[in-house]
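# Coordinates in review
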Amino acid sequence: ALFQESIQELEGVVRGLQEDSVRIHGDMKSWELFKDKEIRRVNRKSQNAAKVLREAKDSESNARHEKEITAAISAELVARLVKLEEENKELRNSLQGLQESLEKKLLDLDGEVDELTKRVDADDAEEEALGGSVGAVSGSGVQGMIDRALDKFAADRVGMPDYALESSGGIVFTIGETEPYTKDTPWMGVFGISIWKGCKTPRLAIQADNSPGNCWSFYGDRGTLTIQLSAQVFPEYFTLDHIPLDLAPGKNASSAPKHFRVLGLDYGNAPKGHVLGNYEFTKFPIETFAVQQNPYEKYFRFIKIEVLSNYGNKDYTCLYRFRVHGKPYDIDTYNG
């Protein structure tokens, strides 16, 4: 009986040891899980700290770069403002010179009219003293001469040389693929026999006569005209002419160019040109446009006008006159 009790006691101790072993294994597993969890938490904190540090460094670098870029942009803006102010000053001087030139021309014209009036009055007095004769100049004749003088001044009132003008040496180089309008032009003939149908030459676009109908007309609302100028010119302004609306049939300007582009060409048949500006013609009968861009400050011998639209005429467009103004090439000034 005593031995049996000892065996049972030993079995109880063994069971206790086994339970303790299981509990210890469970505690060890819980510790391993806790340790792994803590390690992951520490790693996350380390990664977050490293990320914050990188972002701080990036923010500092970005701030430094932003400061450098801001300084560079500010310097560029200041330089551009200075350049714009200089260009604005040059433009004001140019406009002032143009105004003074126009005022001088008006004064000269007034002087010519006064001189003409005095001469007519002197002729009338002389003729009256002689008893009168056939062919005396009437008051309406004097007014007619004055009107013609004023019209002559108005015909070229921009006050700047036109380097496209044919009578000064300008030449129509090419009209490209533009088709001249011939529908309303008369047939040409020999000995009363019609041979071919005439058309209005593009040379009319670089001539000074802007009489109604005296224009270069082409089919549709798009056309091109390349002009060889009378000199190598640094372009500054362009002028587009049309007849006054009061002189147009029915006061209709549908055939007048509306949108157009001007290009400078390195040579007459150059496939591409330097765009000097895009414009809209709105001030009838004459409007002058400043060159919008010439980044390489080039001189040109060839100028091309591209008519892009008109005021609604689907059949044809009329180009009365196109002028080019600027500074002629001076080799001494250029080399100096």
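Residues numbered from 1 in each chain as written. Predicted model: local features only at pLDDT ≥ 70, side-chain atom pairs only at ≥ 80, totals over all residues. Heavy atoms only, no water.

### Here we look at the overall build of the chain
Stated precisely, the cut-off is as follows: Helix and strand assignments follow DSSP, with helices taken as H or I runs no shorter than four residues and strands as E runs no shorter than two, numbered in order from the N terminus. Exposure is judged per residue with a 1.4 Å probe applied to protein chains only, and the accessible area is read against the type maximum: over 50% gives exposed, under 20% gives buried, and values in between give partly exposed. Surface accessibility follows the Shrake-Rupley procedure with a 1.4 Å probe radius. Residue values consider only the protein chains on display as shielding.
Looking only at helices and strands, one finds three helices and eleven strands in the chain. Order of helices (α) and strands (β) in the chain, N terminus to C terminus: α-α-β-β-β-β-β-β-β-β-β-β-β-α. Counting across all 336 residues of the chain, residues that qualify as buried make up 25%. For the chain, the exposed surface amounts to about 22,700 Å²; the carbon and sulfur share of it is 55%.

### Some words on the nonpolar core
What counts is decided by this rule: The nonpolar core is taken to be a set of buried Ala, Val, Leu, Ile, Met, Phe, Trp, Tyr and Cys residues, with the residues joined through side-chain atoms within 4.5 Å. Any two residues having at least one pair of non-hydrogen atoms within 4.5 Å are treated as being in contact.
Judged by nonpolar contacts, the single largest core of 26 residues is most densely connected at Leu225, Leu229, Phe238, Leu240, Phe260, Ile303 and Phe322. Among the elements that make up this core, the one with the highest residue count is strand S5 (residues 223–241) (six residues). Contact partners of Leu225, with chain neighbours within four places excluded, come to Val172, Thr174, Ile175, Pro202, Ala205, Trp216, Ile303, Lys304, Ile305 and Leu319. In this structure, Cys215, Ile243, Cys318 and Tyr320 belong to the second largest nonpolar core, which totals five residues.

### Quick notes on the confidence of the model for the chain
Note the threshold: For every residue, the pLDDT score states the predictor's confidence, bounded by 0 at the bottom and 100 at the top.
Per-residue confidence for the chain gives a mean pLDDT of 80; residues scoring 70 or more make up 78%. Across residues 132–136, confidence stays below pLDDT 50; counting only partners more than four residues off in sequence or on other chains, it has four contacts.

### What about the side chain of Glu306?
Secondary-structure assignment places Glu306 in strand S9 (residues 300–307). Excluding anything up to four places from it in sequence, Glu306 contacts Gly223, Thr224, His259, Phe260, Arg261 and Leu263.

### Quick look at the packing of aromatic side chains
The description of an aromatic ring pair rests on the distance of the ring centres and on the angle between the ring planes. Basically, it comes down to this: Aromatic contacts are taken between Phe, Tyr and Trp rings whose centres are within 6.5 Å, Trp giving its six-membered ring; a plane angle under 30 degrees counts as stacked, one over 60 as edge-to-face, and the others as tilted. Over a ring means this: the NZ of a Lys or the CZ of an Arg is within 6 Å of the ring centre and within 35 degrees of the ring normal.
Per the counting criterion, the structure on display carries 13 aromatic pairs. What links up through ring pairs into an aromatic cluster is the set Phe238, Phe260, Tyr279, Phe289 and Phe322. The ring of Tyr311 has Lys258 sitting right over it, with the charged end atom 5.3 Å from the ring centre.

### Observations regarding a negative patch on the surface
Note the threshold: Nonpolar side chains (Val, Leu, Ile, Met, Phe, Trp, Tyr) are joined into patches within 5 Å and like charges within 9 Å, using only residues with over 30% relative accessible area and no salt bridge. Salt bridges are defined by distance alone: a side-chain nitrogen of Lys or Arg within 4 Å of a carboxyl oxygen of Asp or Glu. Neither His nor the chain ends is counted toward charge; the positive residues are Lys and Arg and the negative residues Asp and Glu. To locate a charge, the coordinates of NZ of Lys, CZ of Arg, CG of Asp or CD of Glu are taken.
Together, Glu86, Glu87, Glu90 and Glu297 give the surface a local cluster of negative charge. The residue Glu87 is located in helix H1 (residues 2–129) in this model. On the accessibility criterion, Glu87 (39% relative accessible area) is partly exposed.

### What to know about a nonpolar patch on the surface
On the surface, Ile69, Ile73 and Leu77 cluster together into a nonpolar patch covering about 280 Å² of accessible area. As for its position among the elements, Ile73 is in helix H1. Judged by relative accessible area, Ile73 falls into the partly exposed class, the value being 43%.

### Details of the pattern of salt bridges
By the definition in use, this model includes eight salt bridges. Taking the shortest distance from any N to any O, the salt bridge between Glu306 and Arg261 comes out at 2.8 Å. Linking Glu306 in strand S9 with Arg261 in strand S6 (residues 259–265), this pair joins segments that are 45 residues apart in sequence. The exposure class of Arg261 is partly exposed, given its relative accessible area of 25%. For Lys298, the salt bridge identified is with Asp266, shortest N-O distance 3.5 Å.

### Digging into unusual backbone geometry
Cis geometry is adopted by the peptide bond preceding Pro285, which originates at Phe284 and carries an omega value of 5°. Along the polypeptide, Pro285 turns up in the loop between strand S7 (274–280) and strand S8 (286–290). Its identity as a non-glycine residue notwithstanding, Lys251 has a phi of 50°, on the positive side. Residue Glu297 is not a glycine yet carries a positive backbone phi of 50°. Its location among the elements puts Glu297 in the loop between S8 and S9. On the basis of relative accessibility, which here comes to 57%, the residue Glu297 falls in the exposed class.

### Describing the environment of Tyr296
Mapped onto the secondary structure, Tyr296 falls in the loop between S8 and S9. The exposure class assigned to Tyr296 is exposed, which follows from its relative accessible area of 65%. Linking Tyr296 and His274, residues 22 residues apart in sequence, is a C-alpha distance of 9.4 Å.

### Details of the side chain of His325
Let me state the cut-off plainly: Two N or O atoms count as a polar contact when they lie within 3.5 Å, although within protein this holds only if one can serve as hydrogen donor and the other as acceptor, and sequence-adjacent residues are included solely when both atoms are side-chain atoms.
The residue His325 is located in strand S11 (residues 321–328) in this model. Taking the relative accessible area as the measure of exposure, His325 reaches 0% and is therefore buried. Within the structure, the side chain of His325 is placed 2.7 Å from the side chain of Thr239, a separation counted as a polar contact. Excluding residues within four positions of it along the chain, His325 makes contact with Val158, Met160, Pro161, Asp162, Tyr163, Phe234, Pro235, Glu236, Tyr237, Phe238 and Thr239.

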